[in-house]
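Examination of the molecular architecture
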Amino acid sequence: MPDTSPATPDFHAHIRSELDAIRSAGLFKRERVIGTPQGPVVRTTDGRELINLCANNYLGLSSHPRVLEAAHEALRTHGYGMSSVRFICGTQDIHQALEQRLARFLGTEDAILYAAAFDANGGLFEPLLGEADAIISDELNHASIIDGIRLCKAQLWRYRHNDMADLARCLQEADAKGARFKLVFTDGVFSMDGTIAQLDVMRTLCDRHGALLGIDECHASGFMGATGRGTHEHRGIFGRVDIITGTLGKALGGASGGFTAARREVVELLRQRSRPYLFSNTLAPSIAGASIAVLDMLEGSTALRDQLEMNTHWFRQAISDAGFEIKPGTHPIVPIMVYDAVKAQALSARLLELGVYAVGFFYPVVPKGQARIRVQLSAVHQREQLEAAVQAFAQAGRELGLVR
Ligand SMILES: *Cc1c(COP(=O)(O)O)cnc(C)c1O
């Protein structure tokens, strides 16, 4: 590209050197191009058929016929897009219906839709809390929570990951500082380890200190708990979480969109003041319509979340039997520990050659010396596919000297 002004050569040289630094640190992310719909098996555009173990397609709804049909139907009845934010002319009956259905499913009074969960978290804190207030946040909370908190004037305490004694210390300190309102906020499930937040303990601590409890349910809504309502159901505190954020882009259909569910007045104030809601286009009608169908399915039957639970249980056992060390737990996120970053990359590359798509994670995404392959199970994985995947792991693991 020709330079467009005297300032541009320096600027673009600077950007290129930033990119070089990312490359030489071994942190450059490349995107593999898929030519099929999302599913238990995908085909890349270079012709490889891969058993897919790295999508957030927990319930297999990304390409489910009923979801597709509902999306088509909404496309026919409500059009392709609204070309407007909600408060000008971007609210249809299906947007309001979806908000009511989400609230019911999650056990709150009301809910508000966003273009993404990133926006739900980004626009959550600033409208609700001010200088006089305290936010108490798990140190490993998602990037969108961190960004949302940055935009808010409340005082911030960070507690050590999943450490309830340290959370209690933060609550005491916030009390001692005379905080007006305190909001404790955590991922319901943490995406790198599949760690499930101790919401029952957290609720008790919050009650003791008069604090609100908020959770991000992106890796939980739709399948955690006996009827898939989320981590609050799993931990026995359904209906007792003050604020829930989540995504329509993972288990609940996998397209895109996010939400915040809370008491009526909280949602009402977010509609008035939350900037990503006020200044960003409304959710596409096809997504709203399909998401209602998703909730119909999940409220009608627990078959999908039950199948996911069975697949998860089977895979965790089988991969352990194959000699791999996994982070213990019950979540469909299964971290297969390799520890060494180079070996994790080699394992992921060899798995790809063997027809298994599973991505390696290493520093800075996880702590140094904690490199791993993160597998994510889906309800639509067939047993034969999971068996083939475990065999591929075993073969690649033997070749690399990771297992015997
Ligand atoms: C994926 C994720 C998000 C972002 O969700 P989008 O709807 O894709 O923006 C936010 N929080 C957590 C914990 C997530 O895992």
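Overview of the structure.

The rules behind each value
Residues numbered from 1 in each chain as written. Predicted model: local features only at pLDDT ≥ 70, side-chain atom pairs only at ≥ 80, totals over all residues. Heavy atoms only, no water. Pairing = 2+ DSSP bridges. Helix = DSSP H or I, 4+ residues; strand = E, 2+ residues; numbered from the N terminus. Axes fitted to C-alpha atoms, helices over the stretch in contact; angles between N-to-C directions. Phe/Tyr/Trp six-rings, centres within 6.5 Å; stacked < 30°, edge-to-face > 60°. Lys NZ or Arg CZ within 6 Å of the ring centre and 35° of its normal. Salt bridge = Lys/Arg side-chain N within 4 Å of Asp/Glu carboxyl O. Near = heavy atom within 4 Å. Polar contact = N/O pair within 3.5 Å; in protein donor to acceptor, adjacent residues only side chain to side chain. Nonpolar A, V, L, I, M, F, W, Y, C, P; charged D, E, K, R; others polar.

**Observations concerning the sheet that holds strand β12 (residues 359-361)**
- Sheet architecture is open: three strands sit in the order β10-β13-β12, paired in antiparallel fashion. Of all the strands in the sheet, just β10 (333-339) and β12 have a single pairing partner and so form its edges. Each strand of the sheet is rotated relative to its neighbour by a mean of 30 degrees, with strand direction disregarded.
- As defined by bridge partners, β12 adjoins strand β13 (residues 371-376) across three bridges and the pair is classed as antiparallel.

**Describing the packing of aromatic side chains**
- Counted by the stated rule, this structure contains four aromatic pairs.
- Summarising the aromatic geometry, the rings of Y114 and Y277 are spaced 5.9 Å apart at their centres and angled 70 degrees between planes, so their arrangement reads as edge-to-face. In this pair, Y114 sits in strand β3 (residues 110-114) while Y277 sits in helix α12 (residues 275-278), placing the two residues 163 residues apart along the sequence.
- Positioned over the ring face of F28 is R23, at 4.6 Å from the centre of the ring.

**A closer look at the pattern of salt bridges**
- On inspection of all chains with the given rule, the structure shows 27 salt bridges.
- Note that E109 is salt-bridged to R263, the shortest N-O span being 3.9 Å. A residue pair is termed long-range when its members are at least 10 positions apart, and E109 in the loop between α4 (93-106) and β3 and R263 in the loop between β9 (258-262) and α11 (264-273) qualify at 154 residues.
- Bridged by salt links that share partners, the residues R101, R104, D296 and E299 form one connected network.

**Regarding the site of the ligand**
- Of all residues adjacent to the ligand, which total 13 residues, the nearest are A117, D216, H219, T247 and K250.
- Within the side chain of H142, an N or O atom sits 3.3 Å from a nitrogen atom of the ligand.
- Here an oxygen atom of the ligand and a side-chain polar atom of K250 are 2.6 Å apart.
- Of all the elements, helix α5 (residues 117-122) adds the most residues to the shell around the ligand, at three residues.
- Residues belonging to the shell around the ligand are distributed by class as follows: four nonpolar, six polar and three charged.

**Overview of unusual backbone geometry**
- Of note, the amide linkage connecting Y363 to P364 takes the cis form, showing an omega dihedral of 10 degrees.
- Here P364 is to be found in the loop between β12 and β13.
- Even without being glycine, S83 reaches a positive phi, approximately 50 degrees.
- Within the secondary structure, S83 sits in the loop between α2 (65-78) and α3 (86-89).

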